[in-house]
Amino acid sequence: MSENNYRELYVTEALEHVDIINQTLLKLEENPDKREHLDQIFRSAHTVKGMSATMGYDQTKELCKNIENIFDKIRKKETKLSSNLASALFKCIDILQQMINDEKKTVNLKPYFNMLENPDKLVQLDNSESMSPTQLPTIRVKMSDLDSLVNLVGELTISKMKLDKIVSEDGTGKSKHALMELGSMITDLQYQSMKIRLVPIDTIFKRFTRVVRDTATSLGKKVELHMDGSKIELDRTILDAITEPLLHILRNSVDHGIENPSERKTSGKQEKGNIWISAYHAGEQITIKIKDDGKGIDVEKVKAKAIEKGIISKDEAIELSEDKALDLLSIPGLSTAKEVTDISGRGVGMDVVINRVKDVGGDVLITTKKGEGTTMILTIPLSVSIIGGLLVNVSNEKYVLPLSSIITTLKIVSNQIKSVHGLEVIEFQDKIVPLVRVAEILEIGNKTYNKNQNETTIVIVEKGGKQYGLIVDSLEHKQEIVIKKLNSSVDSSDTFTNATILPDGRVALILDPGLIVRR
Ligand SMILES: Nc1ncnc2c1ncn2[C@@H]1O[C@H](COP(=O)(O)OP(=O)(O)OP(=O)(O)O)[C@@H](O)[C@H]1O
Ligand SMILES: [Mg+2]
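Since the structure is predicted, the reported quantities are computational estimates derived from the model, not experimental observations. (Residues numbered from 1 in each chain as written. Chains lettered and ligands numbered in written order. Predicted model: local features only at pLDDT ≥ 70, side-chain atom pairs only at ≥ 80, totals over all residues.)

S.K.: Mind showing me how you'd approach the overall build of the protein here?
M.R.: Check the secondary structure of the protein and you find 16 helices and 19 strands. A burial count over the protein gives 30% of its 519 residues as buried. Taking contacts inside the protein between residues at least 6 apart in sequence as the whole, the part at least 24 apart equals 67%. (Helix = DSSP H or I, 4+ residues; strand = E, 2+ residues; numbered from the N terminus. Buried ≥ 20, exposed ≤ 12 C-beta atoms within 10 Å, placed from the backbone. Contact = placed C-beta atoms within 7 Å.)

S.K.: Teacher, can you tell me more about the site of ligand 1 here?
M.R.: In the neighbourhood of ligand 1, 24 residues make up the surrounding shell, with Asn252, Gly257, Ser335, Ser344 and Gly349 lying closest. When residues of the shell around ligand 1 are traced back to their parent elements, those giving at least two are helix H9 (236-257) and helix H14 (349-359). Ranked by the residues each element gives to the shell around ligand 1, the list is headed by H9, at 5 residues. (Near = placed C-beta within 6 Å.)

S.K.: How should the pairing of strand S19 (residues 507-510) be read in this particular structure?
M.R.: Both faces of the sheet carry side chains from a regular strand, because those side chains alternate between them. Burial along S19 is one-sided: Ala508 and Ile510 are buried, while Val507 and Leu509, pointing the other way, are not. Bridging between strand S18 (residues 498-501) and S19 involves 4 bridges; their strand directions are antiparallel. Bridge pairing links Ala499 to Leu509 in S19. (Pairing = 2+ DSSP bridges.)

S.K.: Which parts of the structure should I look at to understand unusual backbone geometry?
M.R.: Residues other than glycine predominantly adopt negative phi, and peptide bonds predominantly adopt the trans conformation. The backbone of Ser395 shows a phi angle near 45°, a positive value even though the residue is not glycine. Ser395 sits in the partly exposed class, given 16 other C-beta atoms within 10 Å. Although it is not a glycine, His421 sits at a positive phi angle of roughly 50°. Tracing the chain through its elements places His421 in the loop between strand S11 (418-420) and strand S12 (423-428). Judged by the 5 C-beta atoms lying within 10 Å of it, His421 is exposed.

S.K.: Sorry if this is basic, but what is going on with the pairing of strand S6 (residues 363-369) here?
M.R.: Sheet topology note: the S6/strand S7 (residues 373-381) ladder contains 7 bridges and is antiparallel. The residue of S7 that forms the bridge with Lys369 is Gly373. Taken together, S6 and the strand that follows it, S7, pair antiparallel across an intervening segment of 3 residues, in which Gly371 is found at a positive phi of about 80°.

S.K.: Got a minute to help me understand the nonpolar core in this structure?
M.R.: Generally speaking, soluble globular proteins have nonpolar side chains that are buried together. Among the nonpolar cores identified, the biggest contains 38 residues, and Val212 and Leu250 are the most heavily contacted of them. The element that contributes the greatest number of residues to this core is H9, accounting for 7 residues. (Core = buried A, V, L, I, M, F, W, Y, C linked by C-beta atoms within 7 Å.)

S.K.: Is there a simple way to think about the sheet that holds strand S4 (residues 273-282) in this case?
M.R.: Taking strand neighbours across the sheet as the criterion, the 5 strands line up as S2-S4-S5-S7-S6 in an open arrangement whose pairing is mixed. Among the strands making up the open sheet, the edge pair consists of strand S2 (223-228) and S6. This sheet shows a mean twist of 10° between the axes of neighbouring strands, independent of strand direction. (Axes fitted to C-alpha atoms, helices over the stretch in contact; angles between N-to-C directions.)

S.K.: I keep staring at the environment of Met115 and nothing clicks. Help me out?
M.R.: On the secondary structure map, Met115 appears in helix H5 (residues 110-117). Distance in space between the C-alpha atoms of Met115 and Cys92 is 9.0 Å, their sequence separation being 23 residues.

S.K.: When you look at the sheet that holds S11 in this model, what are you seeing that I'm missing?
M.R.: Two modes of strand pairing occur in sheets, parallel and antiparallel, and in both the strands are linked by backbone hydrogen bonds. One open sheet holds the 6 strands; their spatial order is S10-S14-S15-S13-S12-S11, and the pairing between them is mixed. In this open sheet, the two edge strands, each paired with only one partner strand, are strand S10 (406-413) and S11. Going across the sheet, the axis of each strand differs from the next one's by a mean of 40°, ignoring polarity. For strand S13 (residues 431-437) and strand S15 (residues 466-472), the ladder comprises 3 bridges, and the chain directions are parallel. When the sheet's bridge partners are listed, Arg437 is paired in S15 with Ile471.

S.K.: How do you make sense of the packing of helix H3 (residues 58-75) against helix H4 (residues 83-101) when you look at a structure like this?
M.R.: Each pair of packed helices can be summarised by the angle the axes make with each other and by the distance between the axes. In the contact formed by H3 and H4, the axes pass within 10 Å of each other and the chain directions differ by 155°. Looking at the two axes, H3 sits roughly antiparallel to H4. You can see that H3 and H4 cross each other, and the crossing is left-handed. Every residue of H4 that contacts H3 at Gln59, Thr60, Leu63, Cys64, Ile67 and Ile70 is listed here: Leu89, Cys92, Leu96, Met99 and Ile100. A breakdown of the residues in the contact of H3 with H4 according to their chemical character gives 9 nonpolar, 2 polar and no charged. (Parallel < 35°, antiparallel > 145°, perpendicular 65-115°, else oblique. Left-handed = near helix turned anticlockwise from the far one by under 90°. Nonpolar A, V, L, I, M, F, W, Y, C, P; charged D, E, K, R; others polar.)

S.K.: Just to check I follow, could you spell out H4 for this structure?
M.R.: The α-helix winds at 3.6 residues per turn, so residues separated by three or four positions along the chain end up facing the same way. With 19 residues, H4 should reach 27 Å at 1.5 Å per residue; the first-to-last C-alpha distance of 27 Å fits that figure. Residues of H4 that are buried: Leu85, Ala88, Leu89, Phe90, Lys91, Cys92, Ile93, Asp94, Ile95, Leu96, Met99 and Ile100. (Expected span 1.5 Å × (residues − 1).)

S.K.: Before we go on, may I ask you to explain H14 in this structure?
M.R.: For H14, the full list of buried residues reads Gly349, Met350, Val353, Ile354, Arg356 and Val357. Looking at the packing, one finds that the buried side of H14 touches H9, S6 and S7. Residue Gly361 follows H14 closely and has a positive phi angle near 85°.

S.K.: I would appreciate a short explanation of the packing of H9 against H14 in the present structure.
M.R.: It is the contact of H9 with H14, at a shortest axis distance of 9 Å, that shows an interaxial angle of 150°. Considering the angle they form, H9 stands roughly antiparallel to H14. Where H9 crosses over H14, the two elements pack in a sense that is left-handed. In this structure, H9 uses Ala241, Ile242, Glu244, Pro245, His248, Ile249, Arg251 and Asn252 to contact H14, whose residues at the interface are Gly349, Val352, Val353, Arg356, Val357 and Asp359. Here the residues of the contact of H9 with H14 sort into 7 nonpolar, 3 polar and 4 charged.

S.K.: In this structure, what is going on with the confidence of the model for the protein? I would like to understand it.
M.R.: One rule of thumb: low pLDDT means the predicted coordinates there are not for detailed reading. Looking at the protein as a whole, its pLDDT mean stands at 83, while 89% of the residues score no less than 70. Averaged over each element, pLDDT in the protein is lowest for strand S17 (residues 484-485) (64) and highest for helix H10 (residues 261-266) (96). Residue range residues 127-136 is modelled with pLDDT below 50. Its contacts to residues more than four positions away, or to other chains, number 17 contacts. Per-residue pLDDT stays below 50 along residues 488-492; that stretch engages in 2 contacts with residues further than four places along the chain or on separate chains. (pLDDT = per-residue confidence, 0-100.)

Here you go:
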């Protein structure tokens, strides 16, 4: 094994132990008397110490020794795991993680050792050193290498579709059979190459317990974070994109949602607040739900802030429904916090949440109830590059609608279309659903549809929890499509951000229902 391989192995294993220490310390805080937790941490710290010594990383070894000593003292009941000591230990574990990742990092460890000795005394640490990056116990592959692999598989899929078309026109039985075999292998390859980009959501969830704990402690609140669905896997790019939004949501829940213990008691709640974060599959998408049992978003305050900023008028504010008022949170600067602190007050948090999630093709739904809490539901695509799509015809052009947003398709007779306040609507499953004529939105002339035509084809889509009926000329078929990102200059109206290449080599634009219904 080369030097490099040894280092890789060291990093992987040491980080796994750091992870164990982190997780077990959180558990130990809840159950300070659990001897097995103590032993586990002691063992892991000891292992990392040994490994670092072998590699010749003296600083890392020294840090582990100090961490190990503390746990030894706790074990011997010479010291107690106070909240401050736990915080100090967490900070040491963070720096340990950074030192493992970067062998060249030199840190002045003195303040850290002081902190462990006197956890109740405030010690200034360089802030850049106390943030922990997400770490994965896996081998490292350059993201760009993975991207090109996935791209190549995409190209392969398109070539295969072209071949499909040729063979279906004038191929022999043998060639059809060979192509079928090739096809199933390409599908496997596609699946595998997508799979290596998937990482369990766990990798970021693990960090959240710490963030919630640290934020709550600094605000003098008690909050428990409940997590569910941590085994769900997501594309790395998407996971990276949603990490920051989720952190903002959690910080908001702790800071603005969950009340002080005394406030909670007065309103008949448990002193300890709760935040639930869960992830689950919903078709081609992943849903992440973050719910708190705090006091809810003060919609009136948000409105007042929007009036103050000149975003809406007083009259508009009175008319504005609660849903629409919550939409205002996507505008930067709408903080209701009285002062700017480390945790909040800039009013950019929700702006980041909503826009980041939309960037990766997702959506955010906010619901809140005064005194009961707030729920944010993020729907995000599983992966960025291959999706299921429905090909539709509009004015002699083919477009793709992502299957993930489609509820169903309908053919109706034209007199079922009603008009409400000048808007075309239909009744669908006892609901009034507004209709959108795609050809009109896209401003494509030479409309082949005829408003008096007997039959109208409608695709019911859902966006942001609301349903819309998209009127198209006709439906073709479902198909897996490889997404090609368009340059933003291609279409200045921003209705299209993506396209795909059809088997016949033509480019079809992918319609984003969210963008269409907003226009
Ligand atoms: N879980 C929640 N419970 C109650 N109110 C919330 C919650 N989440 C957000 N809010 C309200 O929405 C407002 C906007 O949140 P946002 O994160 O954009 O700003 P902020 O938290 O005040 O400041 P920062 O940009 O520094 O995070 C908050 O000021 C708060 O009034
Ligand atoms: Mg915030």
